[in-house]
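Topology and contacts: notes
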Amino acid sequence: MYAQFFGNYLLNRKAVTPEQLAKAIANSSNTHIKLGTLAMHKGFMTAAEVDEVCFLQTREDKRFGEIAIERNYLFEDQLEDLLKSQNPDFLLLGQNLVDTGALSNGELEELIIDYQNDYEIVAPTDRAGTEDTQALIENFLISAERPVDEHAVMYLNLVFNNLVRFIGDDFTPLSPIQTSDYEVNYCVTQNITGPLKFSSSLDMETSAAIGFASRYAKMEFTEFDEYVKASLEDFLNLHNGLFIVNMSNEESIELTLDPPHQETEPVLSLSDNSFVIPVIYPFGTIYLLLTL
């Protein structure tokens, strides 16, 4: 999940705009990681050396690795290591931002170093375990000046993993926004009751709902209909069902789910403990509304 939070990190640093980020995310499925990006990430080459080799490729009919070795920027064993290594997906996001002109290689190099230092990421492969993703979410909340509640972290850890699992990993969450009044698009809500009380909502424009439902149901929907609405409710119900099972197994806290329902009021009045997390996907932005 390093790629998703790298996008949020770049936005918080004001290194890119939401529009630039959304364009790079949309391109991620159509591109592959380049050797220059990998070499820079591994510390084998500097950004200036990568830029030089890329320039020389426009003048010579040779591969990146060949030119880098000829210039003594890479050794044979380093090239072999790059070709075999598993690499974090956030590198591909960064590379797409360079390819679209949002960042230079030099800026990307500095941002990757800062990101890994700030988040204490060691040799990431983007196959982070539960503890790693929880640390990312804690930093995500801290950066937005939100309280780090252990149950909120557990909930967000699960919801982001379920988005990856059921919708796709090509998203970036924006920082949580505290708001007292929220103007809805199409919004479904579900309440969790018991020793802990949670309220979660999934809101999005109808065009985004069609894209979301198409991915979730693995069917191509073309219009906003009852099947799309049912898919949103089913995702929310499935996610919250998994959450209460986890709470029972890990915390011995027994919770109950109310049925999901559509919000009919155009504006929701939220409590002081509520916040909204926009999540950018190529098909549109979804909004997670949480009262914890």
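This is a predicted model, so every value here is computed, not measured.

Cut-off values and rules
- Residues numbered from 1 in each chain as written.
- Predicted model: local features only at pLDDT ≥ 70, side-chain atom pairs only at ≥ 80, totals over all residues.
- Heavy atoms only, no water.
- Buried < 20%, exposed > 50% of the residue type's maximum accessible area, 1.4 Å probe, protein only.
- Helix = DSSP H or I, 4+ residues; strand = E, 2+ residues; numbered from the N terminus.
- Pairing = 2+ DSSP bridges.
- Contact = heavy atoms within 4.5 Å.
- Polar contact = N/O pair within 3.5 Å; in protein donor to acceptor, adjacent residues only side chain to side chain.
- Patch = residues over 30% accessible without salt bridge, like charges linked within 9 Å, V, L, I, M, F, W, Y side chains within 5 Å.
- Areas by Shrake-Rupley, 256 points an atom, 1.4 Å probe, with all protein chains shown as cover.
- Salt bridge = Lys/Arg side-chain N within 4 Å of Asp/Glu carboxyl O.
- Lys, Arg positive; Asp, Glu negative; His and termini not counted.
- Charge placed at Lys NZ, Arg CZ, Asp CG, Glu CD.
- Core = buried A, V, L, I, M, F, W, Y, C linked by side-chain atoms within 4.5 Å.

1. Some points on the pairing of strand β3 (residues 186-193)
A large share of β3 lies buried, amounting to six of its eight residues. From the end of β3 to the start of strand β4 (residues 198-204), which pair antiparallel, there are four residues, and G194 there has a positive phi angle of about 130°. When β3 meets strand β6 (residues 261-262), the two strands line up antiparallel, connected through two bridges. From the neighbouring strand, T189 faces β6, where its bridge partner is H261. The sheet contact formed by β3 and strand β5 (residues 256-257) spans two bridges and is antiparallel. Each residue of the ladder has a partner; that of I192, found in β5, is L257.

2. A closer look at the environment of S274
With respect to the helices and strands, S274 occurs in strand β8 (residues 274-281). Along the chain, S274 and S200 lie 74 residues apart, while their C-alpha atoms are 9.4 Å from each other. Not counting residues within four places of it along the chain, the set of residues in contact with S274 comprises R146, Q178, T179, L290 and T291. Polar contacts involving the side chain of S274 include one to the side chain of T291, which spans 2.5 Å.

3. What about a negative patch on the surface?
A cluster of acidic side chains, namely D149, E150, E250 and E251, defines a negative patch on the protein surface. You can see E250 is positioned in helix α12 (residues 226-251).

4. Details of the nonpolar core
The biggest cluster of nonpolar side chains holds 87 residues, and the ones touching the most others in it are F160, L163, F212, L232 and F243. No other element matches the nine residues that helix α10 (residues 150-166) contributes to this core. For L163, the contacting residues outside a window of four places in its chain are G168, F171, F212, F235, V279, Y281 and I286. The next biggest cluster of nonpolar side chains, apart from the first, holds seven residues, and it includes Y182, V184, C187 and V276.

5. Let's talk about helix α7 (residues 90-99)
Burial within α7 is extensive, with nine of its 10 residues counted as buried. Of the positions making up α7, those classed as buried are F90, L91, L92, L93, G94, Q95, N96, L97 and V98. Structurally, α7 contributes buried residues whose contacts are with α1 (2-12), α2 (18-27), α3 (35-42) and α8 (105-118). With its phi angle positive at about 85°, G101 sits one or two positions after the end of α7.

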